[in-house]
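The primary structure of each chain is shown beneath.
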Amino acid sequence: MSPLPFANAKTTRIGITGLSQAGKSALITSIINHLENARRGSLIQQAVLSDVTHGLWRRDAPHAFDYDAGLQALTHRPPYWPASTTDWSIARIELTMTRSWYSPKPRKRIIELFDYPGEWLMDLALLDWDFAQFCQALWGWCSQSPRLELGNALIQELSVIDPMAPVDREYLSQLQQRWADFLADCRLPPHQLSRNLPGRFLLSGTDYKPGDKPFVPLFSTNLAGGSVPDSFPAQSWGAVCADHYKAYRDHEARPFFERHFQNLDAQVILIDLLGAMTAGQEALKDMRAALDSVLQPFRYGQDHWLGRLFRRRIRRVAVCATKIDHLLPEDQKRMQSLLESYLYETVQRLAAEDIDVNVMAIAAVQSAKLHETPDHTQSLIGRDKRTGERIRFTPPHLPDNLPHALNLKIEDLPQLSPPEGLDRVQAFPARRIDQLLAFLLAE
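Quantities reported herein were computed from a predicted structural model and do not represent experimental measurements.

**Section: the pairing of strand β4 (residues 107–115)**
Within β4, seven of the nine residues are buried, which leaves it mostly tucked inside the rest of the structure. Bridging between strand β1 (residues 10–18) and β4 involves seven bridges; their strand directions are parallel. By the bridge assignment, Ile 16 is partnered in β4 with Asp 115. Inspection of the sheet shows strand β3 (residues 89–97) paired to β4 by nine bridges, in the antiparallel sense. The partner of Thr 96 across the bridge, within β4, is Lys 108.

What follows is the structure, given as structure tokens:
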């Protein structure tokens, strides 16, 4: 591997993740494309970025994000969306800046985008829970609609298992696979639930094998109800599941955050708020609870290890609702307002902890174009993701205000493909990527 230049340049490390179907791979591909074309796109309009002359993606960086695959997908004929993230990677971009009057050399800056599955971020909730608390929390979710209906048979089976009885390891492995399948069902339309734990049961990555130490939540009265025995008999359901849960928490989830988050300067969390709106009240509540959970470490006191870890460097957090190009212009403005209302309490709490939080509605790649008739009737035009056919549609209108109880549901939106004709040598059409980068890279 050739040595990396700019070794002494300022490096800004940004974590980027997203809840299911938020379009994270497309966003990272778009960000690199805009930095490569810094003088051709909208970045030059941002004061923070106006002196960037060129961005160079380093394909030879360790554990490199596959920008080539993203470009192949978006510039293909016909184009398609990049594959979802299944493991962590780093996109390293070297920026050349206009030189200062007193300097004979261009200024240089390194941007590192740390890409990891949003499912793993959900595991932050586990780091402060023992096995009994894990069971109690999941029972609280699974004893209510819609999870209760989605996984009724499995939930009933987990409720009748005696944690003091000898474990059936073959049955335990089967239950774990069924639990993983249940989590996968929960995150899909029409429900689109966000709190799906453990996260690596959905996306294991290359280093974790769920079958090696299987465990499931146990919903018997003395666990889910809060009355926990001092210990479980050896080789019992309670002992084995608790031991394997602890191994997962301490040797899979915790080291990931300790290893990577201590080096981050900023964090981006993508959400599909439009998708949650089409699913309705329960999806909106679940997503907001999930976001509050993963941002909780910023609010821990300095005597808590997670508080020290997250506050050590991270001072900027951006929560971005994606796919606003699927809305008409006036509703795009409403979307920004609704997002601010949706996360108002979370943003206020983080602001009190000296964390700069920005909520933004963005489109990584604009897949729909505005069509307006002579009588000023507006609609959108795009390509249907399933058929590839060009379609014209009128998206649902958004309300002016977000109901406090989140009892909001909008009509389904079409699934669109990327626009045709994208080219690496031109900045991809997008919405507010320049504003997002300006926020993240500000001194």
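**Re the pattern of salt bridges**
Following the criterion strictly, the structure yields 27 salt bridges and no others. Among the ionic pairs, Asp 68 bridges to Arg 59, the shortest N-O distance being 2.8 Å. On the basis of relative accessible area, Asp 68 is assigned to the partly exposed category, the value being 32%. Since its relative accessible area comes to 52%, Arg 59 is described here as exposed. Between Arg 254 and Asp 250 there is a salt bridge, with the nearest N and O atoms lying 3.3 Å from each other. Of the two residues, Arg 254 and Asp 250 both sit in helix α9 (residues 237–261), four residues apart, roughly one turn of that helix. With relative accessibility at 18%, the residue Arg 254 sits in the buried group. Note on Asp 250: relative accessible area 18%, which makes it buried. One network of salt bridges, in which partners are shared, links Lys 246, Arg 249, Asp 250 and Arg 254.

**Here's the deal with the packing of aromatic side chains**
Within this structure, the stated rule accounts for 24 aromatic pairs. Summarising the aromatic geometry, the rings of Trp 88 and Phe 114 are spaced 6.0 Å apart at their centres and angled 55 degrees between planes, so their arrangement reads as tilted. Remark: Phe 114 occurs in strand β4 and Trp 88 occurs in the loop between α2 (67–75) and β3; sequence separation between them is 26 residues. Judged on exposure class, the residue Trp 88 and its partner Phe 114 are both buried. Ring centres 5.0 Å apart and planes at 40 degrees place the aromatic pair Phe 261 and Phe 310 in the tilted group. Taken together, the positions of Phe 261 in helix α9 and Phe 310 in helix α12 (residues 305–311) put the pair 49 residues apart, joining distant regions of the chain. Accessibility assignment for this pair places Phe 261 and Phe 310 in one class, buried. Linked through ring pairs, Trp 88, Phe 114, Tyr 116, Trp 120, Phe 256, Phe 257, Phe 261, Phe 298 and Phe 310 together constitute an aromatic cluster. A cation over an aromatic ring shows up here: Arg 200 above the ring of Trp 120, its NZ or CZ 4.5 Å from the ring centre. The positively charged end of Arg 200 is found above the aromatic ring belonging to Phe 256, 5.3 Å away from the centroid.

**Observations regarding the side chain of Ser 379**
Tracing the chain through its elements places Ser 379 in strand β9 (residues 378–383). Sequence-distant contacts of Ser 379, defined by excluding residues within four places in its chain, comprise Leu 328, Lys 369, Leu 370, His 371, Arg 392, Phe 393 and Thr 394.

**Notes on the domain arrangement of the chain**
Taken domain by domain, the chain holds domain 1 (10–120 + 256–441) and domain 2 (128–253). The gap between the C-alpha centroids of domain 1 and domain 2 is 32 Å. The partner domain 2 presents 20 residues to the 24 residues of domain 1 that form the contact. Approximately 1700 Å² of surface area, both sides summed, lies buried where domain 1 meets domain 2, with 47% of it carried by carbon and sulfur atoms. When the buried surface of domain 1 facing domain 2 is broken down by residue, Glu 119, Trp 120 and Asp 286 rank first, second and third, together holding 35% of it. Scanning the region where domain 1 abuts domain 2 turns up three salt bridges. Summed over the shared surface of domain 1 and domain 2, the result is nine residue pairs in polar contact (both at pLDDT 80 or more). Sorting the residues of the side of domain 1 that touches domain 2 by element identifies α3 (118–121), α9, α10 (273–279) and α11 (281–294) as the ones contributing at least two each.

What counts, and where the lines are drawn
Residues numbered from 1 in each chain as written. Predicted model: local features only at pLDDT ≥ 70, side-chain atom pairs only at ≥ 80, totals over all residues. Heavy atoms only, no water. Buried < 20%, exposed > 50% of the residue type's maximum accessible area, 1.4 Å probe, protein only. Helix = DSSP H or I, 4+ residues; strand = E, 2+ residues; numbered from the N terminus. Pairing = 2+ DSSP bridges. Salt bridge = Lys/Arg side-chain N within 4 Å of Asp/Glu carboxyl O. Phe/Tyr/Trp six-rings, centres within 6.5 Å; stacked < 30°, edge-to-face > 60°. Lys NZ or Arg CZ within 6 Å of the ring centre and 35° of its normal. Contact = heavy atoms within 4.5 Å. Domains from an automatic or database assignment. Buried area = accessible area lost by both parts, 1.4 Å probe. Polar contact = N/O pair within 3.5 Å; in protein donor to acceptor, adjacent residues only side chain to side chain.

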